[in-house]
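Observations on chain architecture
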Amino acid sequence: MNHVKLLFFATLRERMGIKTLDLDVPADLTIQGLKDRLSAEYPKVNASLKSVVVSINREFAPDESVIPQNAEIGMFPPVSGG
Amino acid sequence: MQPSNFPTIFSITEDEIDLNDLLARITLTSTGAAAIFTGMVRGETSRRGSTQANAGDEHQTEYLEYEAYIPMAEEKMKQVADEIRAKWDAIEGIAIVQRIGKLYPKTPTVLIACTAAHRDTGVFEAARYGIDRLKEIVPIWKKEVSPGGEFWVEGEYMPKAGE
């Protein structure tokens, strides 16, 4: 199992009701697998998962990325700074 | 001066954006031009041309509340500066600053400034590119609070891996 830390921002943070979540996940879990797990365990976040942007260790990561050990995973909507 | 010595400033701050200080810090003895973009909170919005759900609705804004994934945002600001330098090699100094927290109408929220020896070096385009890229890849979000309620402003750009 890999330990990972999830960080939620904006709508993801509000829907989850938490800023961070520590998880132990299978070593071969992908971002898509992580989304599926969150969707099943936290249905309230489903609406935000459709257009979620995901980062692994502060770099944008596609759904097929395998999550490394001790990863810092950011989950957030498309950005709206400026 | 070697390009590696050109000043690059990038930060997320809760403090007021000090244009004069930032401009001084990216002005070299060889600098003759600066292009500065700054954005501020609108108190009255008409969302013409927007794809937001309330497109076309004119409405009042009480304040915007900004948040950022600060360490990643600062890394991505650095990346935007690197991209600017790769596209316009005449650029000398670059400052990219986003203010976060609760910001009220007329308050500057963001600043992109680029300096160069002359105005015809691409310095205007460089600043324009900087704000456009910030709005695509720098993880910052804002929630709009108005008399009618509040909603998160969401962008549309989905960054690609490695971007």
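Residues numbered from 1 in each chain as written. Chains lettered and ligands numbered in written order. Predicted model: local features only at pLDDT ≥ 70, side-chain atom pairs only at ≥ 80, totals over all residues.

1. Description of the overall build of chain B
Each helix and strand counted, chain B has three helices and ten strands in total. When the helices and strands of chain B are read in sequence order from the N terminus, they spell out β-α-β-β-β-β-α-β-β-β-α-β-β. For a compact globule of 163 residues, the expected C-alpha radius of gyration is about 15 Å, and chain B comes in at 17 Å, within 12% of that figure. Principal-axis analysis of the C-alpha atoms gives chain B an extent of 55 × 35 × 30 Å. A total of 163 residues make up chain B; the buried ones form 33% of that total. Sequence separation of 24 or more characterises 72% of the internal contacts of chain B that already satisfy a separation of 6 or more. (Helix = DSSP H or I, 4+ residues; strand = E, 2+ residues; numbered from the N terminus. Rg over C-alpha atoms; globule rule 2.2 N^0.38 Å. Buried ≥ 20, exposed ≤ 12 C-beta atoms within 10 Å, placed from the backbone. Contact = placed C-beta atoms within 7 Å.)

2. Regarding the overall build of chain A
The number of helices and strands found in chain A is three helices and five strands. Each helix and strand of chain A, placed in order from N terminus to C terminus, yields the pattern β-α-β-α-α-β-β-β. Taking 12 Å as the expected radius of gyration for a compact globule of 82 residues, we find that chain A reaches 12 Å, a close match to that expectation. Overall size of chain A, expressed as C-alpha extent along the three principal axes, is 35 × 25 × 20 Å. Taken across its 82 residues, chain A has 37% of its residues classed as buried. A fraction of 58% describes how many contacts in chain A between residues 6 or more apart in sequence connect residues 24 or more apart.

3. Focus on the interface of chain B and chain A
The interface is formed by 29 residues belonging to chain B together with 19 residues belonging to chain A. Elements with a minimum of two residues in the side of chain B that touches chain A: helix H2 (70-87), strand E8 (108-116), helix H3 (123-137), strand E9 (140-146) and strand E10 (149-153) of chain B. For the side of chain B that touches chain A, the residue count by class is 16 nonpolar, five polar and eight charged. (Nonpolar A, V, L, I, M, F, W, Y, C, P; charged D, E, K, R; others polar.)

4. Some words on the pairing of E9 of chain B
Residue and element names in this part refer to chain B. The pairing of strand E5 (residues 63-68) with E9 spans six bridges and is antiparallel. The residue bridging Leu 64 from the neighbouring strand is Glu 144, located in E9. In this structure, E9 lies alongside E10, joined through five bridges in antiparallel fashion. Residue pairing across strands places Val 145 opposite Glu 150, the latter belonging to E10. Where E9 hands over to E10, the hairpin turn is made up of two residues, counted between the paired strands. (Pairing = 2+ DSSP bridges.)

5. A word on the environment of Gly 74 of chain A
In this fold, Gly 74 of chain A is placed in strand E5 (residues 71-76). On a C-alpha basis, the gap between Gly 74 of chain A and Lys 5 of chain A in space is 8.5 Å, while along the polypeptide they are 69 residues apart. Every residue in contact with Gly 74 of chain A, bar those within four places of it in the chain, is listed here: Leu 7, Phe 9, Val 54 and Ser 55 of chain A together with Tyr 69, Met 72 and Pro 139 of chain B.

6. Overview of the sheet that holds strand E1 (residues 2-8) of chain A
All names here are of chain A. Strand order in this open sheet of five strands is E2-E1-E5-E3-E4, and the pairing throughout is mixed. Each having just a single partner strand, strand E2 (20-25) and strand E4 (59-60) make up the two edges of the open sheet. For E1 and E5, the ladder comprises five bridges, and the chain directions are parallel. Across the sheet, residue Leu 7 finds its bridge partner in E5, namely Gly 74.

7. Some words on the confidence of the model for chain B
Mean pLDDT over chain B: 93, with 91% of residues reaching 70 or higher. The ipTM value of the predicted complex is 0.96, and its pTM value is 0.93. (pLDDT = per-residue confidence, 0-100.)

8. Considering the nonpolar core
Residues Phe 76 of chain A together with Ile 96 and Cys 114 of chain B are the most contacted members of the largest nonpolar core, which totals 58 residues. Ignoring any residue separated from it by four or fewer positions in sequence, one finds Ile 96 of chain B in contact with Phe 10, Met 77, Val 80, Ala 81, Ile 112, Gly 130 and Leu 134 of chain B. (Core = buried A, V, L, I, M, F, W, Y, C linked by C-beta atoms within 7 Å.)

9. With respect to the sheet that holds E5 of chain B
Residues and elements named next belong to chain B. The four strands lie next to each other as E7-E5-E9-E10, forming an open sheet whose pairing is antiparallel. Across the chains shown, the open sheet's two edge strands, defined by having one partner strand only, are strand E7 (101-103) and E10. Each adjacent strand pair in this sheet contributes to an overall mean axis angle of 25°, direction not counted. (Axes fitted to C-alpha atoms, helices over the stretch in contact; angles between N-to-C directions.)

10. Details of H2 of chain B
Compared with the 26 Å implied by 1.5 Å per residue over 18 residues, the 26 Å span of H2 of chain B between its first and last C-alpha is a close match. Turning to H2 of chain B, its buried residues are Met 72, Ala 73, Lys 76, Met 77, Val 80, Ala 81 and Ile 84 of chain B. (Expected span 1.5 Å × (residues − 1).)

11. Let's talk about H3 of chain B
Residue and element names in this part refer to chain B. Here H3 contains 15 residues, and its C-alpha end-to-end distance of 21 Å stays within 8% of the 21 Å for a straight helix at 1.5 Å per residue. Turning to H3, its buried residues number three or more, namely Val 123, Ala 126, Ala 127, Gly 130, Arg 133, Leu 134 and Ile 137. The arc that holds every buried residue of H3, seen down its axis, measures 130°, which confines them to one face. (Arc of directions from axis to C-beta.)

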